[in-house]
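Listed below are the residues making up each chain.
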Amino acid sequence: MTVIKTPRQPSRLTMLQVALQVFREKGHAATTVDEICNRAGVTKGSFFHHFKNKQDLVLSAVDYWNEFTGELFAHAAYHHQADPLDRLLGYVDLRIAIVKGEVPEFTCLLGTLVQETYHTHPEVRSACDAGLSAHIAKLSTDVEAAKALYAADASWSADSVGDFIQVVLQGAFIFAKARQQSNVVLESLQHLRCYLSLLFNRPQKFEEIKS
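Residues numbered from 1 in each chain as written. Predicted model: local features only at pLDDT ≥ 70, side-chain atom pairs only at ≥ 80, totals over all residues. Heavy atoms only, no water.

Some thoughts on the overall build of the protein chain
Then comes step 1: When helices and strands are tallied, the protein chain shows 11 helices and zero strands.
Then comes step 2: Element order for the protein chain, N to C, with α for helix and β for strand: α-α-α-α-α-α-α-α-α-α-α.
Then comes step 3: Its C-alpha atoms give the protein chain principal-axis dimensions of about 65 × 35 × 30 Å.
Then comes step 4: Evaluated residue by residue, the protein chain yields a buried proportion of 45% over its 211 residues.
Then comes step 5: For the protein chain, the share of sequence-separated contacts (at least 6 apart) that also reach a separation of at least 24 residues comes to 69%. (Helix = DSSP H or I, 4+ residues; strand = E, 2+ residues; numbered from the N terminus. Buried < 20%, exposed > 50% of the residue type's maximum accessible area, 1.4 Å probe, protein only. Contact = heavy atoms within 4.5 Å.)

As structure tokens, this is what we get:
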């Protein structure tokens, strides 16, 4: 998922775009201010003009990631579906569609950072949790609506299903890093799609029966 935006502060946004890539490639500890500056083509003076230190860059990168991904999902076509279950399945289809390129290009910045910093950098952990939780909360709205239509008596909560969707994604990203390939993500998302269809047990539409 490549981030491309028109910068209002070119050097700052260039450093943020570079940071998203490098943090997803190398993680938190192995990423240095020098590397960010070199890849962005800026001086250290420019870096410290915009960021207090590396942690300030990390937290700014998390905010930038949340802004970009928030816009991506907010304007996605699946929101036009009338049925909330179709919106959920459309969300999974979009996640499948954006699994492209090398591993750092489709894995999640927040998941990458939180795995490494959850104990040592509480501010980073908290920022990542806030971003993931906000994304889950938006998904859970459709889960709740689909539950009301198709599984009103189910004992599980919409929030737990929202969490589970992210658990599948983040777990698949870990295996993609371990195996250095995307198939495990694509296959896991297909299984997730099947699971959601079965969880809500929606009566088949005429078109589905025909096919």
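Picking up after the structure, the text goes on.
Description of the side chain of Q166
Then comes step 1: Structurally, Q166 can be placed in helix α9 (residues 158–179).
Then comes step 2: Discounting chain neighbours no more than four positions away, the residues touching Q166 are Y91, R95, L132, H135 and I136.

Topic: the pattern of salt bridges
Then comes step 1: Applying the stated criterion across every chain, the model contains eight salt bridges.
Then comes step 2: Put simply, D34 and K44 hold a salt bridge, and the shortest N to O gap is 3.1 Å. Placement of the pair is D34 in helix α2 (residues 33–40) and K44 in helix α3 (residues 44–50), with a sequence separation of 10 residues.
Then comes step 3: The partly exposed category is assigned to K44, whose relative accessible area is 42%. (Salt bridge = Lys/Arg side-chain N within 4 Å of Asp/Glu carboxyl O.)

Notes on the packing of helix α7 (residues 109–117) against helix α8 (residues 122–150)
Then comes step 1: Relative to each other, α7 and α8 sit at 145 degrees, their axes nearing to 9 Å. As α7 packs across α8, the resulting crossing turns out to be left-handed. Where α7 approaches α8, its residues L110, L113, V114 and T117 are matched on the opposing element by P122, V124, R125, C128, G131 and L132.
Then comes step 2: Residues that form the contact of α7 with α8 fall into these classes: seven nonpolar, two polar and one charged. (Axes fitted to C-alpha atoms, helices over the stretch in contact; angles between N-to-C directions. Left-handed = near helix turned anticlockwise from the far one by under 90°. Nonpolar A, V, L, I, M, F, W, Y, C, P; charged D, E, K, R; others polar.)

What to know about the nonpolar core
The nonpolar side chains of a soluble globular protein tend to be buried with one another.
Then comes step 1: Grouped together as the largest cluster of nonpolar side chains are 62 residues, with contacts concentrated most on V185 and F200.
Then comes step 2: If near-sequence neighbours (up to four positions away) are discounted, V185 is found in contact with V99, F106, A172, F173 and A176. (Core = buried A, V, L, I, M, F, W, Y, C linked by side-chain atoms within 4.5 Å.)

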